[in-house]
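Coordinate analysis (summary)
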Amino acid sequence: PSFQQWFNYQAIQFPGSNWVTPILSTVIYFYGGLVFLKGAYQELRSKIGMMTLVALAIFQSKDLVKHLAYSLFARHNLVLSTKNLRA
């Protein structure tokens, strides 16, 4: 269930409204994670430490690719599944 289903709420729809989530999440990702990403870059050039681990964790948990793929393909009614990704 989503937020809208829990609270019987319908978000406003406007042209480009499907881009709000991926753009906002990207801004928040870089605003909150830039210090870790910069630290990881410096650590990768020397000795790997906690900044690298945290940067990998936030990078992995960031669903930027999923949000962008959903935003791009949802309007075309395409279904993405792991079986289509196998070679």
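Residues numbered from 1 in each chain as written. Predicted model: local features only at pLDDT ≥ 70, side-chain atom pairs only at ≥ 80, totals over all residues. Heavy atoms only, no water.

If you tally the helices and strands in the protein, you get five helices and zero strands. The secondary structure elements of the protein, listed N-terminal to C-terminal, are α-α-α-α-α. When the 87 residues of the protein are sorted by exposure, 15% land in the buried category. Pairs at least 24 apart in sequence give 45% of the contacts found in the protein among residues at least 6 apart. Carbon and sulfur atoms make up 67% of the accessible area of the protein, which totals about 7600 Å². (Helix = DSSP H or I, 4+ residues; strand = E, 2+ residues; numbered from the N terminus. Buried < 20%, exposed > 50% of the residue type's maximum accessible area, 1.4 Å probe, protein only. Contact = heavy atoms within 4.5 Å. Areas by Shrake-Rupley, 256 points an atom, 1.4 Å probe, with all protein chains shown as cover.)

Structurally, Ser17 is set in the loop between helix H1 (3–6) and helix H2 (20–44). A relative accessible area of 19% means that Ser17 is categorised as buried. Side-chain polar atoms of Ser17 contact the side chain of Gln13, separated by 3.3 Å. (Polar contact = N/O pair within 3.5 Å; in protein donor to acceptor, adjacent residues only side chain to side chain.)

Moving on, we get to the side chain of Thr52. Relative to the helices and strands, Thr52 resides in helix H3 (residues 50–61). Judged by relative accessible area, Thr52 falls into the buried class, the value being 6%. Leaving out residues up to four positions away in the same chain, Thr52 has contacts with Ala40, Glu43 and Leu44.

Our next topic: unusual backbone geometry. Positioned with a positive phi, Asn8 is a non-glycine residue whose angle comes to about 50 degrees. Within the secondary structure, Asn8 is located in the loop between H1 and H2. By relative accessible area, Asn8 is classed as exposed at 73%.

Residue Gly33 marks the point of greatest curvature in H2, where the axis turns by about 60 degrees. For H2, the full list of buried residues reads Pro22, Ser25, Tyr29, Gly33, Gly39, Ala40 and Glu43. (Bend = angle between axes of the 7 residues up to and from the residue.)

There is a patch of nonpolar side chains on the surface, built from Ile12, Phe14, Val20, Leu24 and Ile28 and spanning about 500 Å² of accessible area. When you line up the elements, Ile12 lands in the loop between H1 and H2. (Patch = residues over 30% accessible without salt bridge, like charges linked within 9 Å, V, L, I, M, F, W, Y side chains within 5 Å. Salt bridge = Lys/Arg side-chain N within 4 Å of Asp/Glu carboxyl O.)

Nothing here speaks to function; it is all geometry.
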